[in-house]
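One-letter residues, chain by chain:
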Amino acid sequence: QTQLDFGNALFYYQSGTQFSLDNDPAIEAYKKSLEVRTEKDTPLEWAMSQNNLASAASYILSAHNNSTADDRIDILNDFREALRITTRGRAPLDWALMKDNLGQELVKFHRAGQAARTETFDREMEAAMRAQESYPLEKGAELHQLTMAKIVEKFGATDEIDEALGHFEDILTLYTKERHPWRWLQASRRKAGVLRTLAMQNRNPIRMREVISIYREQQTLLQLRYDPVSWAQLEHQVAIALGTIGNITEDPKKLREAETAYLQAMEALPDKTSERMREINIDLARLR
């Protein structure tokens with residue numbers, strides 16, 4: 001337990017770009033705790049050490065900002081192992097914590113793989129186009145469509161994001177807005193983020209409308225008269241989502257609604273020279 005607590009202190013105050021996975025003192029402390037704690041003898045404590053070890057490793061990779069999806073596979077496995085032991089019935093708060101960590105790591109894993117997927121996608125498309133040059137025009141066009149469908153199916157997979165969404169939805173069955181407002185807010189933000197990713201990737205306006213509903217519900221907690229900055233940040237996100245729906249569906253009404261939301265976000269901000277105000281202005285100019 002002392003090694004775990006020591007690792008936590010080191011993680012919060014020292015982990016980052018100055019250390020790697022091989023020499024980070026927090027990771028070393030967590031590993032020492034696991035020399036004593038075993039799944040058989042102290043399952044819940046073992047699971048927490050596994051969770052914290054994975055959290056520290058994830059943070060270090062993110063701090064260096066150069067990780068690949070392969071770098072994160074072991075971290076995902078550690079989170080899953082911790083969650084296998086820590087069930088909602090045995091330790092609900094730890095269960096929610098580990099669900100949140102695993103969901104966030106799945107999103108990071110997906111993002112880390114995007115660059116590699118895009119590069120491979122472009123390479124396979126180029127090879128397919130070269131292969132079709134020897135066919136007659138109509139046959140080449142048909143093969144092009146088939147190739148596009150196969151490549152999009154292969155590289156447009158959203159398995160990690162779908163799984164992350166499931167974890168955040170599970171957390172929201174424990175943390176309700178009425179009983180746990182701030183924990184609910186955090187989990188609902190994560191859910192909105194993964195829904196937005198899915199909506200953008202699949203050009204799905206229904207998903208994007210669900211995102212807007214989540215932001216609107218969050219605004220009932222972060223009300224304009226009490227927290228204008230947070231309300232304006234949410235209104236900015238609503239505007240972006242409305243603009244996306246308008247572009248996907250080619251609906252001018254949604255684009256006008258997006259413009260109104262941008263203006264409302266700007267009006268709500270108390271500091272008219274803030275960085276947030278500049279971001280909203282830039283997004284509004286793009287919309288127009």
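The structure presented is a predicted model; accordingly, all values stated were derived computationally and were not measured. (Residues numbered from 1 in each chain as written. Predicted model: local features only at pLDDT ≥ 70, side-chain atom pairs only at ≥ 80, totals over all residues. Heavy atoms only, no water.)

S.K.: How should the nonpolar core be read in this particular structure?
M.R.: Grouped burial of nonpolar side chains is what soluble globular proteins tend to show. Counting 71 residues, the largest nonpolar core has Y30 and V194 as the members making the most contacts within it. Of the residues forming this core, the biggest block, 9 residues, is contributed by helix α3 (residues 43-64). Each residue touching V194, except ones within four places of it in the same chain, is listed here: V107, I161, A164, L165 and F168. (Core = buried A, V, L, I, M, F, W, Y, C linked by side-chain atoms within 4.5 Å. Buried < 20%, exposed > 50% of the residue type's maximum accessible area, 1.4 Å probe, protein only. Helix = DSSP H or I, 4+ residues; strand = E, 2+ residues; numbered from the N terminus. Contact = heavy atoms within 4.5 Å.)

S.K.: Can you help me understand the packing of helix α8 (residues 181-202) against helix α9 (residues 205-219) in this one?
M.R.: In helix packing, the relevant descriptors are the interaxial angle and the interaxial distance, both defined with respect to the helix axes. Where α8 contacts α9, the axes come no closer than 8 Å and their chain directions differ by 160°. Of the possible angle classes, the one that applies to α8 and α9 is roughly antiparallel. In this structure, α8 crosses over α9, and the sense of that crossing is left-handed. Residue-level contacts link W184, L185, S188, R189, K191, A192, L195, R196, L198, A199 and M200 of α8 to R207, M208, E210, V211, I214, Y215, E217 and Q218 of α9. Within the contact of α8 with α9, the residues separate by chemical class into 11 nonpolar, 2 polar and 6 charged. (Axes fitted to C-alpha atoms, helices over the stretch in contact; angles between N-to-C directions. Parallel < 35°, antiparallel > 145°, perpendicular 65-115°, else oblique. Left-handed = near helix turned anticlockwise from the far one by under 90°. Nonpolar A, V, L, I, M, F, W, Y, C, P; charged D, E, K, R; others polar.)

S.K.: What's the story with unusual backbone geometry in this structure? I'm lost.
M.R.: If a residue is not glycine, its phi is most likely negative; likewise, a peptide bond is most likely trans. Unlike most non-glycine residues, R203 shows phi in positive territory, near 50°. As for its placement among the helices and strands, R203 is situated in the loop between α8 and α9. At E250, a residue that is not glycine, the phi angle is positive and equals roughly 55°. Along the chain, E250 turns up in the loop between α10 (228-249) and α11 (252-268). Take E250: its relative accessible area is 70%, and that puts it in the exposed class.

S.K.: Looking at this model, I keep getting lost on the environment of K99. Mind explaining?
M.R.: By secondary structure assignment, the location of K99 is in helix α5 (residues 92-132). Residue class for K99 comes out buried when judged on its relative accessible area of 9%. Between the C-alpha atoms of K99 and A82, which are 17 residues apart in sequence, the distance is 9.7 Å. Aside from chain neighbours lying at most four places away, what touches K99 is L83, H167, D170 and I171.

S.K.: What is the right way to read α9 from this model?
M.R.: Residue pairs spaced three or four apart in an α-helix point in one direction, given the helix's 3.6 residues per turn. The terminal C-alpha atoms of α9 lie 21 Å apart, and with 15 residues this matches the ideal 21 Å at 1.5 Å per residue to within 8%. Residues of α9 that are buried: P205, M208, V211, I212, I214, Y215, Q218 and Q219. All buried residues of α9 lie within an arc of 165° about the axis, which places them on one face of the element. Close packing links the buried residues of α9 with α8 and α10. Where α9 starts, the residue carrying a side-chain oxygen 2.9 Å from the main-chain nitrogen of I206 turns out to be N204. (Expected span 1.5 Å × (residues − 1). Arc of directions from axis to C-beta. Polar contact = N/O pair within 3.5 Å; in protein donor to acceptor, adjacent residues only side chain to side chain.)

S.K.: So what exactly am I meant to see when it comes to the confidence of the model for the chain here?
M.R.: Low pLDDT marks stretches whose predicted atomic positions should not be read closely. Chain-level statistics for the chain give a pLDDT mean of 88 and a share of 85% at 70 or above. Put simply, helix α6 (residues 137-155) is where the chain has its lowest mean pLDDT, 58, and α9 is where it has its highest, 97. (pLDDT = per-residue confidence, 0-100.)

S.K.: How should I be thinking about the packing of aromatic side chains in this particular structure?
M.R.: Two numbers describe a pair of aromatic rings. These are the distance of the centres and the angle of the planes. Counting across every chain of the model gives 2 aromatic pairs. Taken together, a centroid distance of 5.4 Å and an interplanar angle of 40° make the contact between F11 and Y12 tilted. We classify F11 as buried; its relative accessible area is 17%. Taking the centre distance of 5.6 Å and the plane angle of 85° together, the rings of F11 and Y59 count as edge-to-face. Of the two residues, F11 is situated in helix α1 (residues 2-13) and Y59 in helix α3; the sequence distance between them amounts to 48 residues. Ring pairing ties together the aromatic residues F11, Y12 and Y59, which thus form one cluster. Over the ring of W184 we find K177; its NZ or CZ atom is 5.7 Å from the centre of that ring. (Phe/Tyr/Trp six-rings, centres within 6.5 Å; stacked < 30°, edge-to-face > 60°. Lys NZ or Arg CZ within 6 Å of the ring centre and 35° of its normal.)

S.K.: Looking at this structure, how should I read the pattern of salt bridges?
M.R.: Oppositely charged side chains can pair when the atoms bearing their charge come close. By the definition in use, this model includes 16 salt bridges. A network of salt bridges, in which partner residues are shared, links E39, E81 and R84. (Salt bridge = Lys/Arg side-chain N within 4 Å of Asp/Glu carboxyl O.)

S.K.: Please explain the packing of α3 against helix α4 (residues 73-85) as it appears in this structure.
M.R.: At a closest axis distance of 8 Å, the pairing of α3 and α4 adopts a crossing angle of 155°. Between α3 and α4, the interaxial angle falls into the category roughly antiparallel. Relative to α4, the crossing made by α3 is left-handed. On α4, the residues touching P43, L44, W46, A47, Q50, N51, L53, A54, S55, A57, S58 and L61 of α3 are I75, D78, F79, E81, A82, R84 and I85. Here the residues of the contact of α3 with α4 sort into 12 nonpolar, 4 polar and 3 charged.

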